[in-house]
Amino acid sequence: MMNPKSPELVVNPLQDAQLAPLTNHPRDSSRTMEPLEIEETHEDDELWPVFYCRLFAGIASLNSTNIGYDLGVNTGLAVSFTRQDSNVVFMDTVALEIYMASLTFSSIFGGLGMKYISDRYGRRGVFLVSQAFLLVGLAMNISTNEYSLILFGRMIAGFAVGLAFSIDSVYISEIAPKKHRGQLVAWAETGVNIGINLGFVTSYAFRNTPGNAQWRIMIGLGMGLPCIMILLTIFVLPESPR
């Protein structure tokens, strides 16, 4: 008979169920937890044949080549803008440093702004917007002799460089099959280095060109690749599946 003064034992069914596996089995140190098996899915690995993936990656890398050219041609521009000639746009050391730094400085904001353009207009939209900004900036550079306008055009071009550089590797990694992804993503960096060397070659080729035509030709040649990139993006490049 239960003592009326003793406390009543209350059993929690949920707690009892939770403790059951621990109390019903003796401790066995030889038992190990089996790893959780995760089934891999490859449904997105073959979106296009490998040939087309390489083609699309090559087009995106052409965008990187365009960026590299704008960086490489700076060596020739620095020489051109510091010539002691009354008929040539001249920049002193401070003005030249500001001009050179403005490209990379404004590219920071282009890289940060890529997300918003990409989310709204897709990866192809970033390609198109970046090339449009680049054409506007370069056109402003070669159409005036005023330092302030040249600098402003340079900053617009820098914003475009930041946009373009931030999208290349992202796009390639999203369209490339898993087994080819590492190789194709590396094409973007290769494109940058090819473009830098093209800028060096251009600077050397026009080293003896007189007057303002020297730097205008160097900058103006950089407008060719953006035009090609726009056409390829519209008619060839597909949207990223991501």
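The preceding data block contains the structure.
Scoring rules and cut-offs
- Residues numbered from 1 in each chain as written.
- Predicted model: local features only at pLDDT ≥ 70, side-chain atom pairs only at ≥ 80, totals over all residues.
- Heavy atoms only, no water.
- Helix = DSSP H or I, 4+ residues; strand = E, 2+ residues; numbered from the N terminus.
- Expected span 1.5 Å × (residues − 1).
- Bend = angle between axes of the 7 residues up to and from the residue.
- Phe/Tyr/Trp six-rings, centres within 6.5 Å; stacked < 30°, edge-to-face > 60°.
- Buried < 20%, exposed > 50% of the residue type's maximum accessible area, 1.4 Å probe, protein only.
- Lys NZ or Arg CZ within 6 Å of the ring centre and 35° of its normal.
- Arc of directions from axis to C-beta.
- Contact = heavy atoms within 4.5 Å.
- Salt bridge = Lys/Arg side-chain N within 4 Å of Asp/Glu carboxyl O.
- Lys, Arg positive; Asp, Glu negative; His and termini not counted.
- Polar contact = N/O pair within 3.5 Å; in protein donor to acceptor, adjacent residues only side chain to side chain.

What follows concerns helix α4 (residues 93-142). What sets the pattern is the α-helix's 3.6 residues per turn: residues three or four places apart point alike. With 50 residues, α4 ought to run about 74 Å at 1.5 Å a step, yet its terminal C-alpha atoms sit only 21 Å apart, falling short of that. At Y121, α4 is bent by approximately 125°, the largest bend along its length.

Moving on, we get to the packing of aromatic side chains. If you walk through the whole model with that rule in mind, you get seven aromatic pairs. Relative to F109, the ring of F105 lies with its centre 5.4 Å away and its plane at 75°, an arrangement referred to as edge-to-face. Of this pair, F105 and F109 are both found in helix α4, four residues apart, which corresponds to roughly one turn of the helix. Residue classification places F105 among the partly exposed residues on the basis of a relative accessible area of 45%. Relative to Y171, the ring of F127 has its centre 5.5 Å away and its plane inclined at 85°; by these criteria the two rings are edge-to-face. With a gap of 44 residues between them, F127 in helix α4 and Y171 in helix α5 (residues 147-175) connect regions that are remote in the sequence. Grouping residues by exposure puts F127 and Y171 together as buried. Linked through ring pairs, F51, Y52 and F56 together constitute an aromatic cluster. A cation over a ring is seen here: R154 above Y99, with NZ or CZ 4.5 Å from the ring centre. Above the face of the Y204 ring, R207 is positioned so that its terminal group lies 3.9 Å from the ring centre.

Here we take up helix α3 (residues 74-81). Taken together, the buried positions of α3 are N74, G76, L77, S80 and F81. An end-on view of α3 places all buried positions within 155° of arc, on one side of the element. Where α3 is buried, its residues touch α2 (50-72), α4, α5, α6 (181-205) and α7 (213-221).

It is possible for side chains bearing opposite charge to pair when their charged atoms get close. Counting across every chain of the model gives two salt bridges. Notably, a salt bridge pairs K115 with D119, separated by 3.0 Å at the nearest N-O pair. Of this pair, K115 and D119 both sit in helix α4, separated by four residues, roughly a single helical turn. Between R123 and E174 there is a salt bridge, and its shortest N-O distance comes to 2.7 Å. Of this pair, R123 sits in helix α4 while E174 sits in helix α5, and the two are 51 residues apart along the sequence. Across this residue pair, the class does not change: R123 and E174 are buried.

For the rest of this paragraph, the subject is the side chain of D168. Mapped onto the elements of the fold, D168 is located in helix α5. At 10 Å, R123 is the nearest oppositely charged side chain to D168, a buried residue that forms no salt bridge. A polar contact of 2.4 Å, which involves the side chain of D168, links it to the side chain of S64. Beyond its immediate stretch of four places on either side in the chain, D168 contacts A60, N63, S64, I67, F127 and A188.

Geometric descriptors of this kind do not, in isolation, establish any biological role.
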